[in-house]
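Survey of secondary and tertiary structure
Spelled out from the first residue to the last, the chains are:
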Amino acid sequence: MNVDNGFVLWLTGLSGAGKSTIANAVAPRLAERGHRVEVLDGDEVRTNLCQGLGFSREDRDTNIARIGYVAGKLAKHGVAVVVAAISPYREARDKVRASVDDFVEVHVAAPVTTCAERDVKGLYAKALAGEIKNFTGVSDPYEEPLEPEIALHTERESVEQSAEQVLAWLEARGLSLPAGEQLDLDAVPASR
Ligand code: ADP
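Note on numbering: residues in each chain are counted from 1, in written sequence order. Per-residue local features are limited, in this predicted model, to residues with pLDDT of at least 70; the limit for side-chain atom pairs, both in listing and counting, is 80 or more; totals at the level of whole chains, interfaces and linings are taken over all residues. With hydrogens and water stripped out, all remaining heavy atoms of the structure feed into the side-chain values.

To continue, consider empty space enclosed by the protein. Grid points spaced at 1 Å over the protein atoms alone were grouped into cavities, where a 1.4 Å probe fits but cannot get out, and pockets, open sets with protein on both sides within 12 Å along at least five of seven lines, with lining residues defined by an atom within 4 Å of a point. Grid points are joined across faces, edges and corners, and a volume is the space filled by probe spheres set on the points. Enumeration according to the criterion identifies one cavity of 30 Å³ or more in this entry. Taken as a whole, the largest cavity spans an internal volume of roughly 30 Å³. What lines the largest cavity is simply Ser15, Gly16, Asp119, Val120, Lys121, Gly122, Leu123 and Tyr124. A breakdown of the residues in the lining of the largest cavity according to their chemical character gives three nonpolar, three polar and two charged. Each residue is assigned to one of three groups, with Ala, Val, Leu, Ile, Met, Phe, Trp, Tyr, Cys and Pro labelled nonpolar, Asp, Glu, Lys and Arg labelled charged, and all others, Gly among them, labelled polar.

A few words on the site of the ligand. We call a residue near a molecule or strand when any one of its heavy atoms sits within 4 Å of it. With respect to spatial proximity, 17 residues lie near the ligand, and among them Gly16, Lys19, Ser20, Thr21 and Glu157 are the closest. What qualifies as a polar contact is a pair of N or O atoms within 3.5 Å, subject to a donor-acceptor requirement within protein and to the restriction that residues adjacent in sequence count only when both atoms come from side chains. Contact between the ligand and Lys121: an oxygen atom at 3.5 Å from a side-chain N or O atom of the residue. At 3.0 Å, a side-chain N or O of Ser162 approaches a nitrogen atom of the ligand. Areas reported here follow the Shrake-Rupley algorithm with a probe of radius 1.4 Å; residue values treat only the protein chains shown as occluding. When isolated, the ligand has an accessible area of 570 Å², and the protein chains bury 79% of it. For this analysis, a molecule is said to be in a pocket or cavity if more than half of its atoms are within 2 Å of the grid points defining it. According to the grid-proximity analysis, the pocket containing the ligand is the largest pocket. Numbering goes from the N terminus for both helices and strands, where a helix is a DSSP run of H or I of at least four residues and a strand is a run of E of at least two. Broken down by secondary-structure element, the contributors of at least two residues to the shell around the ligand are helix H1 (19-32) and helix H7 (159-172). Among the residues making up the shell around the ligand, the classes are represented as five nonpolar, eight polar and four charged.

This next bit is on the packing of aromatic side chains. Note on aromatic contacts: the rings of Phe and Tyr and the six-membered ring of Trp form a pair at centre separations within 6.5 Å, being stacked when their planes are under 30 degrees apart, edge-to-face when over 60 apart, and tilted otherwise. Per the counting criterion, the structure on display carries two aromatic pairs. Considering the side-chain rings of Trp10 and Phe103, the 5.8 Å spacing of their centres and the 40 degrees angle between planes classify their relative orientation as tilted. Placement of the pair is Trp10 in strand E1 (residues 7-12) and Phe103 in strand E4 (residues 103-108), with a sequence separation of 93 residues. The classification of residues rests on relative accessible area computed with a 1.4 Å probe and restricted to protein chains. Under 20% of the type maximum is buried, over 50% is exposed, and intermediate values are partly exposed. We classify Trp10 as buried; its relative accessible area is 0%. With a relative accessible area of 6%, Phe103 lands in the buried category. Judged by centre distance (4.9 Å) and plane angle (85 degrees), the rings of Tyr124 and Phe135 are edge-to-face. Taken together, the positions of Tyr124 in helix H6 (residues 123-128) and Phe135 in the loop between H6 and strand E5 (150-152) put the pair eleven residues apart, joining distant regions of the chain. For Tyr124, a relative accessible area of 2% puts it in the buried group. On the accessibility criterion, Phe135 (8% relative accessible area) is buried.

In short, shape yes, function no, at least from these values alone.
Laid out in structure tokens, this is it:
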């Protein structure tokens, strides 16, 4: 394994499930391990790359296709890309999967009741009061991954435990190694 192998770690789940939190916990640890890392966060991307897109199925699919396109390009150049996006439709996620070599789907799977209790951004209160249309998990569908590479149950795991599971999975698949265990190419004697 070498740290120039790119991959796309795709965090999908309801608003408030913990995608951004896990992305922000995993990204610095990947950097410590020598990876070049980029985080593409759905909320942030909607203010630039995907500005103007709404929350209809069509716009959500366009949003995911654009993020997937950029993620795939970066991964091809050896970047460890961490995407945090609700990405509610299975078909849109599977299209990205088909276009990326190392696609690691992570279902950040907290029940909607937990997400609504957390209500990190105050959006569930509004959605439940009928003030937001097309709110995933309340008034819009969320299609759970059928065979995600990793499933995290953030309602009963600490952030640390969830992040560790991701890193352990990447290690087990040879996509990452703990800091200090990377193959040091300079230490390999030149062949004669
Ligand atoms: P999302 O990006 O999915 O909308 P956020 O990361 O913004 O969600 O919010 C998730 C909330 O859940 C945070 O307040 C976070 O501290 C909390 N939380 C509790 N346990 C976990 C866990 N295991 N993983 C991630 N977040 C967790």
